[in-house]
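Structural overview for review
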Amino acid sequence: MRNWSLVVDVKLRNLLILWQRQLFEIQKYSEKTVVSYAFDVSDFLAFLTKYLAKTIEIQDLKELSVDSLRAFLASSKQKKLSAVTRARKLSALKSFYQVLEQNLKIKNLAFAEINYPKIPKSLPKSLELAEITRLFAELKQYDDWVGCRDYVIILLFYSTGLDRKSTRLNSSHLVISY
């Protein structure tokens with residue numbers, strides 16, 4: 001868990017610790033996600049400390065303006081952080097504000113006016129020749145009808161350039177492990 005004592009007052013620090021525990025123990029977020037979220041909120045509080053030129057207290061979070069939130073996101077963009085990272089930062093902040101709302105009845109409407117950054121779509125990643133060769137070799141070992149079916153399906157995908165999304169298949173339809 002993150003050490004919050006340098007950035008915020010004691011009451012806020014206790015809420016931050018509660019929030020991290022809730023993410024990890026109740027909502028079952030992975031440890032890496034909790035660490036990333038804690039870093040994101042810490043980054044935001046450090047930004048606010050400079051932006052407001054004072055130690056951050058709960059009242060400051062209650063009175064957070066849309067302009068302050070936009071300034072933080074603009075600062076993140078100036079640091080050349082990706083849209084995915086900026087979206088995660090916003091998700092972390094929204095998650096923390098849910099804890100503020102649940103425990104202190106603090107609701108801030110600034111988040112309702114902020115849109116998530118547009119995340120560019122990327123092209124599907126293709127397998128290397130060695131990976132596809134190993135996959136076909138693995139599938140050829142199965143001589144029952146299921147193995148033959150899987151081999152033909154994968155061969156069709158590979159030879160036509162189809163990906164799983166194009167075919168509307170999900171992991172329950174086709175499971176391949178190699």
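Bear in mind the structure is a predicted one, so any value in this text is a computation, not a measurement.

**Thoughts on the confidence of the model for the protein**
Of the residues in the protein, 87% have a pLDDT of 70 or more, and the chain-wide mean is 83. No element of the protein has a lower mean pLDDT than helix α8 (residues 164-167), which averages 63, and none a higher one than helix α4 (residues 66-78), which averages 93.

**Digging into the packing of aromatic side chains**
Each aromatic ring pair is specified by the distance between its two centres and by the angle formed by the two planes. The tally for this structure, following the rule as stated, stands at 9 aromatic pairs. Between Phe44 and Phe72, the aromatic rings sit 5.1 Å apart at their centres with planes inclined by 80°, giving edge-to-face as the arrangement. Placement of Phe44 in helix α2 (residues 31-52) and of Phe72 in helix α4 is noted, with a sequence separation of 28 residues between them. Taking relative accessible area as the criterion, Phe44 reaches 1% and is therefore assigned buried. By relative accessible area, Phe72 is classed as buried at 1%. Three or more aromatic residues joined by ring pairs form one cluster here, namely Trp19, Phe96, Tyr97 and Phe111.

**As for the pattern of salt bridges**
The tally for this structure, following the rule as stated, stands at 7 salt bridges. For Lys79, the salt bridge goes to Asp43, with nearest N and O atoms at 3.7 Å. In this pair, Lys79 sits in the loop between α4 and α5 (83-104) while Asp43 sits in helix α2, placing the two residues 36 residues apart along the sequence. In this structure Asp43 comes out as buried when scored by relative accessible area, which is 16%. The residue Asp60 makes a salt bridge to Lys54 at a minimum N-O spacing of 2.9 Å.

**Description of the packing of helix α1 (residues 10-26) against α2**
Relative to each other, α1 and α2 sit at 155°, their axes nearing to 9 Å. When the axis of α1 is compared with that of α2, the two are roughly antiparallel. Crossing angle aside, the handedness with which α1 passes α2 is right-handed. On the side of α1, the interface is formed by Leu16, Trp19, Gln20, Leu23 and Phe24, while α2 contributes Glu31, Val34, Tyr37, Ala38, Val41 and Leu45.

**Regarding the nonpolar core**
Among the nonpolar cores identified, the biggest contains 32 residues, and Trp19, Val41, Phe44, Leu61, Leu69 and Phe96 are the most heavily contacted of them. Of all elements in the fold, only α1, α2, α3 (58-62), α4 and α5 reach the threshold of two or more residues within this core. Those residues in contact with Leu61 that lie beyond four places of it in its chain are Leu12, Phe44, Leu45, Leu48, Ile56, Phe96, Tyr97, Leu100 and Asn108. If you look at the next biggest cluster of nonpolar residues, it comprises 5 residues, including Ile132, Leu135, Phe136 and Ile154.

**Concerning the side chain of Asn108**
The residue Asn108 is located in the loop between α5 and α6 (129-140) in this model. A distance of 3.0 Å separates the side chain of Asn108 from the backbone oxygen of Leu64, its partner in a polar contact. Polar side-chain contacts of Asn108 include one of 2.7 Å to the backbone nitrogen of Ala110. Setting aside residues no more than four positions away along its own chain, Asn108 makes contact with Leu61, Lys62, Glu63, Leu64 and Tyr97.

**Concerning unusual backbone geometry**
In this structure, Ala53 is a non-glycine residue whose phi angle is positive, near 55°. Relative to the helices and strands, Ala53 is located in the loop between α2 and α3. The class for Ala53 is exposed, based on a relative accessible area of 67%. The residue Lys80 is not glycine, and still its phi comes out positive at about 65°. Relative to the assigned elements, Lys80 resides in the loop between α4 and α5.

**Some thoughts on the environment of Ile58**
Relative to the helices and strands, Ile58 is located in helix α3. Each C-alpha atom of the pair Ile58 and Asp9 lies 8.2 Å from the other, and the pair is 49 residues apart in sequence. With sequence-adjacent residues up to four places away left out, Ile58 is seen in contact with Asp9, Lys11, Leu12, Leu15, Leu104 and Ile106.

Calculation notes
Residues numbered from 1 in each chain as written. Predicted model: local features only at pLDDT ≥ 70, side-chain atom pairs only at ≥ 80, totals over all residues. Heavy atoms only, no water. pLDDT = per-residue confidence, 0-100. Helix = DSSP H or I, 4+ residues; strand = E, 2+ residues; numbered from the N terminus. Phe/Tyr/Trp six-rings, centres within 6.5 Å; stacked < 30°, edge-to-face > 60°. Buried < 20%, exposed > 50% of the residue type's maximum accessible area, 1.4 Å probe, protein only. Salt bridge = Lys/Arg side-chain N within 4 Å of Asp/Glu carboxyl O. Axes fitted to C-alpha atoms, helices over the stretch in contact; angles between N-to-C directions. Parallel < 35°, antiparallel > 145°, perpendicular 65-115°, else oblique. Left-handed = near helix turned anticlockwise from the far one by under 90°. Contact = heavy atoms within 4.5 Å. Core = buried A, V, L, I, M, F, W, Y, C linked by side-chain atoms within 4.5 Å. Polar contact = N/O pair within 3.5 Å; in protein donor to acceptor, adjacent residues only side chain to side chain.

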